Amino acid sequence: MLEINVCIGSACHLKGAYNVISNLQKIIKEKELEGKIEVKAAFCLGECTKAVSVKLGDGSIVSVKEDEVDKFFDKHLAGRL
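About the criteria used
Residues numbered from 1 in each chain as written. Predicted model: local features only at pLDDT ≥ 70, side-chain atom pairs only at ≥ 80, totals over all residues. Heavy atoms only, no water. Salt bridge = Lys/Arg side-chain N within 4 Å of Asp/Glu carboxyl O. Helix = DSSP H or I, 4+ residues; strand = E, 2+ residues; numbered from the N terminus. Buried < 20%, exposed > 50% of the residue type's maximum accessible area, 1.4 Å probe, protein only. Expected span 1.5 Å × (residues − 1). Arc of directions from axis to C-beta. Contact = heavy atoms within 4.5 Å. Core = buried A, V, L, I, M, F, W, Y, C linked by side-chain atoms within 4.5 Å. Polar contact = N/O pair within 3.5 Å; in protein donor to acceptor, adjacent residues only side chain to side chain.

Caption draft 1: Geometry of the pattern of salt bridges. Scanning the entire structure with this criterion turns up two salt bridges. Linking Lys 40 and Glu 3 is a salt bridge whose minimum nitrogen-to-oxygen distance equals 3.2 Å. One end of the pair, Lys 40, is in strand β2 (residues 37–42); the other, Glu 3, is in strand β1 (residues 2–7), and 37 residues separate them in sequence. Residue classification places Lys 40 among the partly exposed residues on the basis of a relative accessible area of 32%.

Caption draft 2: Spatial organisation of the environment of Gln 25. Looking at where Gln 25 falls in the secondary structure, it is placed in helix α2 (residues 17–30). For Gln 25, a relative accessible area of 44% puts it in the partly exposed group. Sequence separation between Gln 25 and Glu 38 is 13 residues, and the spatial gap between their C-alpha atoms is 8.6 Å.

Caption draft 3: Looking closely at α2. Taking 1.5 Å per residue as the helical rise, α2 with its 14 residues ought to reach 20 Å, and the 20 Å between its terminal C-alpha atoms agrees with that figure. Every buried residue of α2 is accounted for by Ala 17, Val 20, Ile 21, Leu 24, Ile 27 and Ile 28. Down the axis of α2, the smallest arc covering the buried residues is 130°, so these residues share one side. Residues of α2 that are exposed and angled more than 90 degrees away from the buried face: Lys 26, Lys 29 and Glu 30. Buried residues along α2 sit in contact with β1, α1 (10–14), β2, β3 (53–56) and α3 (69–77).

Caption draft 4: Seen up close, the nonpolar core. Judged by nonpolar contacts, the single largest core of 25 residues is most densely connected at Val 6, Val 20, Leu 24, Val 54, Phe 72 and Leu 77. Where this core is concerned, the elements lending two or more residues are β1, α2, β2, β3 and α3. When residues in this core are grouped by element, the largest group, six residues, is from α2. Residue contacts for Leu 77: discarding those within four places in its chain leaves Leu 2, Ile 4, Leu 24, Leu 56 and Phe 72.

Caption draft 5: Up close: the side chain of Ser 53. Following the sequence through the fold, Ser 53 ends up in strand β3. Within the structure, the side chain of Ser 53 is placed 2.8 Å from the backbone oxygen of Glu 47, a separation counted as a polar contact. If near-sequence neighbours (up to four positions away) are discounted, Ser 53 is found in contact with Asn 5, Val 6, Cys 7, Cys 12, Leu 45, Glu 47, Ile 61 and Val 62.

Taken by themselves, the reported measurements are silent on function.
As structure tokens, then:
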């Protein structure tokens, strides 16, 4: 299972972290990927300038804007499934 950690620290919260989480969960449900991807909230990932920071598994931290979650999913997640 691929674990996605979305920062909900102060900077990320202000930039729409909860909307990013909600949009990711919506996409996962629409694509019936509940057993393959798990979205978790995480406190500061140490990349505040990248807010909203999203960590893919044990890998890299990516900046995701709340209105670009679809693009993020297609670019970083679709190929891993």
